[in-house]
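# Secondary and tertiary structure notes
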Amino acid sequence: MEADVRRWLERAVIGLNLCPFAKAVYVKQQVRIVISDASTERALLEQLGEELALLRDTPAETVDTTLLVHPQVLGDFLDYNDFLDDADGLVEAMDLDGVLQVASFHPDYRFADTAPDDAGNLTNRAPWPILHLLREDSIDRAVAAYPDPDGIIARNIATMRELGAEGFRTLLADPAD
């Protein structure tokens, strides 16, 4: 699973420049990847709280961002999407609103009002369900230094539409397969 996530990070997120801020923290080894053994939403929420606290209490130079991969729970995208409200509620309950945020990636990710096969959905598709914990101050610094942050989403959608679903599958394929 971790190899799948690293391949996705290296080939899609960084390789296609979907997130122009990812490469710097990845090469500095400031990305924490946690493979959760949670099998219930409650257990995942508890682990999310632990990871939020760890990120809050750890210097950004050590861990700037965390990918909480949860393969045993929330495989259904609609359940996953509903869970994001709980994740945001936990951020607020821990008084981390404005400090940390949770971004979302899922193998079946689908933006509102899009068809399931819309290539734009590929921008948030990952090999496993992932809760991405981000530091807001790191995002603010990265956005301030980037020449056209408002163009990122449109560029990413165009990239994924050009690549297409089959191209995306090929990009993420394990060379051992």
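Above: the structure in question.
Here we summarise the structure given alongside this text. No experiment lies behind these values; they were computed from the predicted model shown.

A word on the environment of glycine 15. By the secondary structure assignment, glycine 15 is in the loop between helix H1 (2-14) and helix H2 (22-27). As for glycine 15 and leucine 171, which are separated by 156 residues in sequence, their C-alpha atoms are 9.7 Å apart.

The strands that make up a sheet pair up through hydrogen bonds in the backbone, lying either parallel or antiparallel. Taken in spatial order, the four strands make up an open sheet running E1-E2-E4-E3, and their pairing is mixed. For this open sheet the edge positions go to strand E1 (31-35) and strand E3 (100-105), each flanked by a neighbour on one side alone. When the angles between neighbouring strand axes are averaged without regard to direction, this sheet yields 20°. Where E3 lies against strand E4 (residues 130-135), six bridges are found, and the strand directions are antiparallel. The residue of E4 that forms the bridge with valine 102 is leucine 133. Docked against the sheet, H1 engages E1, strand E2 (65-69), E3 and E4, running at close to 145° with respect to E1. In the packing of helix H3 (residues 41-57) onto the sheet, the strands contacted are E1, E2, E3 and E4, and the crossing angle to E4 comes to about 25°.

With respect to burial, E2 is a largely interior element, five of its five residues being buried. Neither face of E2 is left uncovered, since the one carrying Thr65, Leu67 and Val69 and the one carrying Thr66 and Leu68 both have all their residues buried. Judged from the five bridges that link them, E1 and E2 form a sheet pairing that is parallel. What sits directly across from valine 34, in E2, is leucine 68. With H3 bridging E1 and the parallel E2, this β-α-β connection has right-handed handedness. Sheet topology places E2 next to E4; five bridges connect them, and they run antiparallel. Along E4, the bridge assignment pairs threonine 65 with leucine 134.

This paragraph deals with the pairing of E4. Within E4, six of the six residues are buried, which leaves the element mostly enclosed by the surrounding structure. Side chains Ile130, His132 and Leu134 project from E4 onto one buried face, and the interleaved Leu131, Leu133 and Arg135 project onto a second face that is buried too.

Along the chain, the position of serine 138 falls in helix H5 (residues 136-145). A relative accessible area of 13% means that serine 138 is categorised as buried. Here aspartate 64 takes part through its side chain, which lies 2.7 Å from a polar atom of the side chain of serine 138.

By secondary structure assignment, the location of glutamine 72 is in the loop between E2 and helix H4 (77-93). When the C-alpha atoms of glutamine 72 and aspartate 37 are compared, they prove to be 6.9 Å apart, with 35 residues separating the residues in sequence. Once residues within four sequence positions are removed from consideration, glutamine 72 is found in contact with Ser36, Asp37, Ala38 and Ser39.

Close approach of charged atoms allows side chains of opposite charge to pair. Scanning the model with the defined rule gives nine salt bridges in all. Of the charged contacts, one joins aspartate 118 and arginine 161 as a salt bridge, the two residues approaching to 3.0 Å between their closest N and O atoms. Taken as a pair, aspartate 118 in the loop between E3 and E4 and arginine 161 in helix H6 (residues 152-172) lie far apart in primary sequence, 43 residues in all. According to the relative accessible area criterion, arginine 161 is exposed, its value standing at 51%. Measuring nitrogen to oxygen at the nearest pair gives 2.9 Å for the salt bridge that ties glutamate 166 to arginine 169. On the criterion of helical spacing, the pair formed by glutamate 166 and arginine 169 is a turn pair, its members being three residues apart in helix H6. Linked through salt bridges whose partners overlap, the residues forming this network are Asp4, Arg7 and Asp174.

Here is what the cut-offs are and how they apply
- Residues numbered from 1 in each chain as written.
- Predicted model: local features only at pLDDT ≥ 70, side-chain atom pairs only at ≥ 80, totals over all residues.
- Heavy atoms only, no water.
- Helix = DSSP H or I, 4+ residues; strand = E, 2+ residues; numbered from the N terminus.
- Pairing = 2+ DSSP bridges.
- Axes fitted to C-alpha atoms, helices over the stretch in contact; angles between N-to-C directions.
- Contact = heavy atoms within 4.5 Å.
- Buried < 20%, exposed > 50% of the residue type's maximum accessible area, 1.4 Å probe, protein only.
- Right-handed = clockwise from strand over helix to strand, strands pointing away.
- Polar contact = N/O pair within 3.5 Å; in protein donor to acceptor, adjacent residues only side chain to side chain.
- Salt bridge = Lys/Arg side-chain N within 4 Å of Asp/Glu carboxyl O.

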